[in-house]
Amino acid sequence: MPNLKHKHTQQLDREQLLRLLAVLRKEKSADLKLTNLSVLDLINGDVTSGPIVIDQGYIVAVGPEADTLQAKRTVDCNGQIATPGFIDGHMHVETSTMTPFEFERTTLPLGTTSIVCDPHELVNVMGKPGIEWFLRCSEMMRQNMFVQVSSCVPAVAELDINGSDFTLEEMKAYLEHPHVLGLAEVMDYPAVLNGNPDMLDKLAAFNPLNIDGHCPLLSGRELSAYVASGIQNCHETTSFQEGKEKLAKGMAVIMREGSVAKNLDALAPLITDYSSPQCLLCTDDRNPHEIAKEGHINYMVKRLIQHHWIKPHLAYRVASWSAAQHFGLRRLGLLAPGYKADINLVKTLRNVDIQRVVIGGQFVDELNLADSVADKLRASVPPLQPTMKHKTVTADELAIPLTTGDYHVIEIVKDELLTNHLVCRFDGQQFDKQGVNRLAVVERYGHQLPPAMGLVKGFELNQGAIATSVGHDSHNIVAIGADKHSMALAINHLLTIGGGYCVVQNDNVTADLKLPLGGIMSLDSSEAITDQIIALKQAAQTIGVEVAEPFVQMSFLALPVIPSLKMTVKGLVDVEKFELIDLQL
């Protein structure tokens, strides 16, 4: 059995502890004292008086007892309220399209001081080099980036093709890494329920650590089996009753508010004094445009307080302390002696109006994060090898020979990753339901498979096409179009630029976003990415697309672990039965 005492769960080292004790004995001066502020007590629900004394990045004392301690620097906080830094309990940096360093620059000033990420997007593309790069990044970041070891690469092997394997032996090499918390979301729940030996081996290997779940709509005996296997949380909960059952069976419910999957409003009523330790917050998949427009975890906390009347201390608790407790982060999530000095200073608790952020005892606005992004990116040695290896696609390959009859059609659901499974009638001229478009998923790792073709309802294209190389989780090319020629142009454009998003209208590419890192991540700033996403959305609207986040929404059409009908390079997947089905009945 490996030694699983990680850095993030250990006590302060001997030297740090001796200095902290000397400060408390008034024999040494601390590094920093924050004065003229109040402190949010997440345990008792009170707002108490400061100050806060900090040394070597850790809190030494809080409240009146800190008044008499000396510090080399004193900062007047102008009556602000100190709260713990926010923790995103489950997310994928890659789906922000930013590198970890750019993500840090963008979200750290918004109060997200810690993230628990699963790099399975990049690992699906390139395997071990993907997680190795993420771990190198985590060692260079100010933001606390904890990494879960990707468990399902690909999500379901028999239903899809991805870019690389990631074996159990490779996974076990990271058990003792100080930034690894455990096993990432276990998406292949049929393998768990059926006692698949390979899956049980993974669960056994990571049993001493945290094991993340992914079980949308699972209930009853099946949910009991899933929980009994040792899986501890789920971020795919979409209804109050589903969440209540999971809480009752011992799971933590990680409430999600991403760019497409918006579940916070449905799940907020679950948060009570009793349940809040088992309720966490996450973004899962949130792009720079949404972050710039609304925010990150700060937006979720504000919404809980203002729209759902959640008590402020509970809203802030589920955004920090609950996640720290769940993941065993013993030095995070509270403003208390010996805890890391990750602090948000807000003007009012209700408005979550963050004035300044402290990370490890340093003010974020004094760190010049923007100046260091490029240097850190180069030093981390990002894996930039080409990953778009499919030959040029012809329009004829994208033809669907429709004849009179019934067809399976994927229907998107607003603000959800779930899809409906429709059966639509084609009378030889048109479908009995409006707004049905062509859907293609094209393998991009060099196997040269013919495109898999299907039908989708909800995007409402009346001309042209849209395409993306971000196709969860295997990240093959996904294209939706009104005609095969536009779709071929969009797909081939992505092959040419090394991956990304694009819109085609009138035989021209009218907007694109290049994602050269694995075909899923940009090297640009969040501001530049946001501008390009805005241009893409506007271009998509001109060809009829009515979906608010079309490229994020379409990327999940290829994920065969979220009900009920999805599409991979192998064809249509009935997720309820976990089997491939023909397009025509």
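Structure first, text after, so check above.
Residues numbered from 1 in each chain as written. Predicted model: local features only at pLDDT ≥ 70, side-chain atom pairs only at ≥ 80, totals over all residues. Heavy atoms only, no water.

1. Observations concerning helix 1 (residues 14–24)
For step 1, the next point in the chain: Residues of helix 1 that are buried: Leu20, Ala22 and Val23. The buried residues of helix 1 occupy an angular sector of 160 degrees when projected down its axis, which confines them to one face. Exposed and oriented more than 90 degrees from the buried face of helix 1 are Arg14 and Leu18.
For step 2, the next point in the chain: Residues of helix 1 that are buried make contact with strand 1 (30–40), strand 3 (52–55) and strand 4 (58–62).
For step 3, the next point in the chain: At the N-terminal boundary of helix 1, the capping side chain belongs to aspartate 13, with an oxygen 3.2 Å from the backbone nitrogen of glutamate 15. (Buried < 20%, exposed > 50% of the residue type's maximum accessible area, 1.4 Å probe, protein only. Helix = DSSP H or I, 4+ residues; strand = E, 2+ residues; numbered from the N terminus. Arc of directions from axis to C-beta. Contact = heavy atoms within 4.5 Å. Polar contact = N/O pair within 3.5 Å; in protein donor to acceptor, adjacent residues only side chain to side chain.)

2. Digging into the packing of helix 2 (residues 100–107) against helix 15 (residues 369–380)
The description of two packed helices rests on the angle between their axes and on the distance between the axes.
For step 1, the next point in the chain: In contact at an axis separation of 9 Å, helix 2 and helix 15 are set at 160 degrees when each is read in the N-to-C sense. Considering their axes alone, helix 2 and helix 15 lie roughly antiparallel with respect to each other. Every pair of crossing elements has a handedness; the one defined by helix 2 and helix 15 is right-handed. Between helix 2, through Phe101, Glu102, Glu104 and Arg105, and helix 15, the contact on the second element is made entirely by Leu369, Ala370, Val373, Lys376, Leu377 and Ser380. (Axes fitted to C-alpha atoms, helices over the stretch in contact; angles between N-to-C directions. Parallel < 35°, antiparallel > 145°, perpendicular 65-115°, else oblique. Left-handed = near helix turned anticlockwise from the far one by under 90°.)

3. Here's the deal with the nonpolar core
For step 1, the next point in the chain: Membership of the largest hydrophobic core comes to 134 residues, with the highest contact counts inside it found for Phe459 and Ile466.
For step 2, the next point in the chain: Residue contributions to this core peak at 7 residues, all from helix 16 (residues 484–497). (Core = buried A, V, L, I, M, F, W, Y, C linked by side-chain atoms within 4.5 Å.)

4. Quick word on the packing of aromatic side chains
For step 1, the next point in the chain: One pass over the structure, following the stated rule, counts 9 aromatic pairs.
For step 2, the next point in the chain: Summarising the aromatic geometry, the rings of phenylalanine 86 and tyrosine 316 are spaced 6.0 Å apart at their centres and angled 35 degrees between planes, so their arrangement reads as tilted. In this pair, phenylalanine 86 sits in strand 6 (residues 86–91) while tyrosine 316 sits in helix 13 (residues 312–318), placing the two residues 230 residues apart along the sequence.
For step 3, the next point in the chain: Of the residues examined, tyrosine 316 reaches a relative accessible area of 1% and is grouped as buried.
For step 4, the next point in the chain: A ring pair is formed by tyrosine 501 and phenylalanine 551, whose centres lie 4.9 Å apart and whose planes are at 15 degrees; its orientation type is stacked. Within this pair, whereas tyrosine 501 is found in strand 23 (residues 500–505), its partner phenylalanine 551 is found in helix 18 (residues 550–555), the two being separated by 50 residues in sequence. Each member of the pair tyrosine 501 and phenylalanine 551 is classed as buried.
For step 5, the next point in the chain: Following the ring pairs from residue to residue traces out a cluster consisting of Tyr407, Phe426 and Phe431. (Phe/Tyr/Trp six-rings, centres within 6.5 Å; stacked < 30°, edge-to-face > 60°.)

5. Comments concerning unusual backbone geometry
For step 1, the next point in the chain: A cis amide bond, omega -5 degrees, links valine 153 with the succeeding residue proline 154.
For step 2, the next point in the chain: Within the element layout of this structure, proline 154 appears in the loop between strand 8 (144–149) and helix 5 (168–172).
For step 3, the next point in the chain: Residues histidine 472 and aspartate 473 are joined by a peptide bond in cis, for which omega reads -10 degrees.
For step 4, the next point in the chain: Its place among the elements puts aspartate 473 in the loop between strand 21 (465–468) and strand 22 (477–481).
For step 5, the next point in the chain: One non-glycine residue, asparagine 78, lies in positive phi territory at about 55 degrees.
For step 6, the next point in the chain: Here asparagine 78 is to be found in strand 5 (residues 71–84).
For step 7, the next point in the chain: Backbone geometry places histidine 475, a non-glycine residue, at a positive phi of 60 degrees.
For step 8, the next point in the chain: Within the element layout of this structure, histidine 475 appears in the loop between strand 21 and strand 22.
For step 9, the next point in the chain: Residue histidine 475 is classed as buried on the basis of its relative accessible area, which comes to 1%.

6. Points about the state of the cysteines
For step 1, the next point in the chain: Considering all chains together, one arrives at 0 disulfides under this definition.
For step 2, the next point in the chain: No disulfide involves cysteine 117; its sulfur sits 9.4 Å from the nearest other cysteine sulfur, which is in cysteine 137. (Disulfide = S-S within 2.5 Å.)

7. Some thoughts on the sheet that holds strand 22
Strand pairs in the sheet, formed through backbone hydrogen bonds, run parallel or antiparallel to each other.
For step 1, the next point in the chain: Strand order in this open sheet of 8 strands is 18-17-20-19-22-21-23-24, and the pairing throughout is mixed. Strands at the two margins of the open sheet, each flanked by one partner only, are strand 18 (419–426) and strand 24 (508–514). The mean angle between the axes of side-by-side strands here comes to 25 degrees, regardless of whether they run parallel or antiparallel.
For step 2, the next point in the chain: Sheet topology note: the strand 19 (residues 436–442)/strand 22 ladder contains 5 bridges and is antiparallel. Bridging from a neighbouring strand, alanine 440 pairs with alanine 479 of strand 22. (Pairing = 2+ DSSP bridges.)

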